[in-house]
Amino acid sequence: MTDIDVLSVFCAGDGRHGNTLGVVREGRDCPDQESRQILAAKLGYSETVFIDDPDRGVVDIYTPSLRLPFAGHPLVGAAWLLDLEAVNPPAGEVWVRQDGEFTWITARPEWAPERTVAQYASVAEVDALPTPPPGEGWLYAWAWQDEAAGRVRARAFPRRGDGIDEDEATGAAALLLTARLGRALNITQGRGSQILTAPAPDGEIEIGGRVRLLGTGVVV
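Description of the structure in this document. Note that the structure is predicted; figures quoted are calculated from it, not measured. (Residues numbered from 1 in each chain as written. Predicted model: local features only at pLDDT ≥ 70, side-chain atom pairs only at ≥ 80, totals over all residues. Heavy atoms only, no water.)

## Some thoughts on the overall build of the chain
Right, on to step 1. Helix and strand counts for the chain come out as four helices and 14 strands.
Right, on to step 2. Expected size for 220 residues packed as a compact globule is a radius of gyration near 17 Å; at 16 Å, the chain falls within 12% of this value.
Right, on to step 3. In the chain, which comprises 220 residues, the proportion classed as buried is 56%.
Right, on to step 4. By sequence separation, contacts in the chain at least 24 residues apart represent 58% of the contacts at least 6 residues apart.
Right, on to step 5. When the accessible surface of the chain is summed, it comes to about 9600 Å², and 48% of that surface belongs to carbon and sulfur atoms.
Right, on to step 6. When the 20 positive and 32 negative side-chain charges of the chain are each reduced to one mean point, those points stand 4 Å apart. (Helix = DSSP H or I, 4+ residues; strand = E, 2+ residues; numbered from the N terminus. Rg over C-alpha atoms; globule rule 2.2 N^0.38 Å. Buried < 20%, exposed > 50% of the residue type's maximum accessible area, 1.4 Å probe, protein only. Contact = heavy atoms within 4.5 Å. Areas by Shrake-Rupley, 256 points an atom, 1.4 Å probe, with all protein chains shown as cover. Lys, Arg positive; Asp, Glu negative; His and termini not counted. Charge placed at Lys NZ, Arg CZ, Asp CG, Glu CD.)

Shown next as structure tokens:
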């Protein structure tokens with residue numbers, strides 16, 4: 001049996017929405033990549049994170065179909081849950097800070113998995129996209145809501161064929177978009193999740209959001 005904490009990451013200001021995250025606090029319950037991949041597929045969340053060292057923040061991240069060296073919403077969620085100054089996915093050390101209701105991580109754009117980041121002419125065009133849009137490969141579709149204020153409307157489509165037709169809130173894609181635009185952003189993604197970003201020194205990007213605990217459970 002494996003104990004699971006279930007979080008919602010990048011919630012809106014009223015606590016709604018956010019991307020669901022499974023957290024296995026005892027990584028030794030699933031000691032190898034095969035068992036972790038099986039559990040992540042069984043849970044069916046966009047990502048599941050396994051905590052291998054809670055004191056040093058060593059974590060391992062899986063979608064239902066593959067292992068990731070870096071992902072935004074699992075790291076924001078794990079950082080909030082563990083209350084550490086840094087978390088350590090395979091990509092490298094990720095610094096953490098808490099600012100009121102927001103948990104922030106700092107990461108490098110090159111750590112984010114490759115994907116197509118496509119700008120659309122209007123919010124209406126982004127909202128009208130089918131789920132998922134035709135085509136292959138990860139698509140992050142975005143448009144300006146208010147360019148002067150840095151407000152963005154976005155939707156994300158993994159198109160991996162693993163049951164995640166649309167990703168509710170995607171920190172790694174927000175990181176790539178921020179690096180491309182070179183400015184702080186306030187992103188509304190999916191049904192209404194909120195992701196905040198800001199350029200940091202040395203080419204790094206900060207990604208911030210709210211996290212709440214949805215519940216705990218046991219998976220056999």
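Now, onward.
## As for the pattern of salt bridges
Right, on to step 1. In the structure shown here, the tally under the stated rule is 16 salt bridges.
Right, on to step 2. Here Asp5 ties to Arg25 by a salt bridge, and the two come within 2.6 Å at their closest N and O atoms. Pair noted here: Asp5 is in strand 1 (residues 2-11) and Arg25 is in the loop between strand 2 (19-24) and helix 1 (33-43), with a separation of 20 residues, a long-range link.
Right, on to step 3. Given a relative accessible area of 41%, Arg25 falls into the partly exposed group.
Right, on to step 4. The salt bridge involving Asp99 is made with Arg97; its shortest N-O contact spans 3.7 Å.
Right, on to step 5. In this structure Asp99 comes out as partly exposed when scored by relative accessible area, which is 41%.
Right, on to step 6. Each of Arg36, Asp52, Asp60 and Arg67 takes part in a single network of salt bridges with overlapping partners. (Salt bridge = Lys/Arg side-chain N within 4 Å of Asp/Glu carboxyl O.)

## Concerning unusual backbone geometry
Right, on to step 1. The amide bond that connects Thr131 to the next residue, Pro132, takes the cis arrangement and shows omega of -5°.
Right, on to step 2. Within the secondary structure, Pro132 is located in the loop between helix 3 (123-127) and strand 10 (139-146).
Right, on to step 3. Residues other than glycine seldom take positive phi values, yet Arg159 does so here, at roughly 50°.
Right, on to step 4. Mapped onto the secondary structure, Arg159 falls in the loop between strand 11 (151-157) and helix 4 (171-181).

## What about the pairing of strand 1?
Across a regular strand the side chains alternate sides, sitting on one face of the sheet and then on the other.
Right, on to step 1. With nine of ten residues buried, strand 1 is to be regarded as a mostly interior element.
Right, on to step 2. Two elements, strand 1 and strand 2, share five bridges in a ladder whose sense is antiparallel. Considered in strand 2, the bridge of Leu7 is made with Leu21. (Pairing = 2+ DSSP bridges.)

## Thoughts on the side chain of Ser8
Right, on to step 1. Mapped onto the fold, Ser8 is located in strand 1.
Right, on to step 2. Taking relative accessible area as the criterion, Ser8 reaches 2% and is therefore assigned buried.
Right, on to step 3. What Ser8 contacts, discounting residues up to four positions off in sequence, is His17, Gly18, Asn19, Arg210, Val211, Arg212 and Leu214.

## A look at the nonpolar core
Right, on to step 1. Ranked by size, the top nonpolar core spans 47 residues in total, and within it Phe70, Leu75, Ile105, Tyr140, Val152 and Ile187 carry the most contacts.
Right, on to step 2. Leaving out residues up to four positions away in the same chain, Leu75 has contacts with Val59, Ile61, Phe70, Val87, Pro89, Val94 and Ile105.
Right, on to step 3. Listed in part, the ten residues of the second largest apolar core include Val24, Cys30, Leu39 and Val219. (Core = buried A, V, L, I, M, F, W, Y, C linked by side-chain atoms within 4.5 Å.)

Interpretation in functional terms is not warranted from these geometric data alone.
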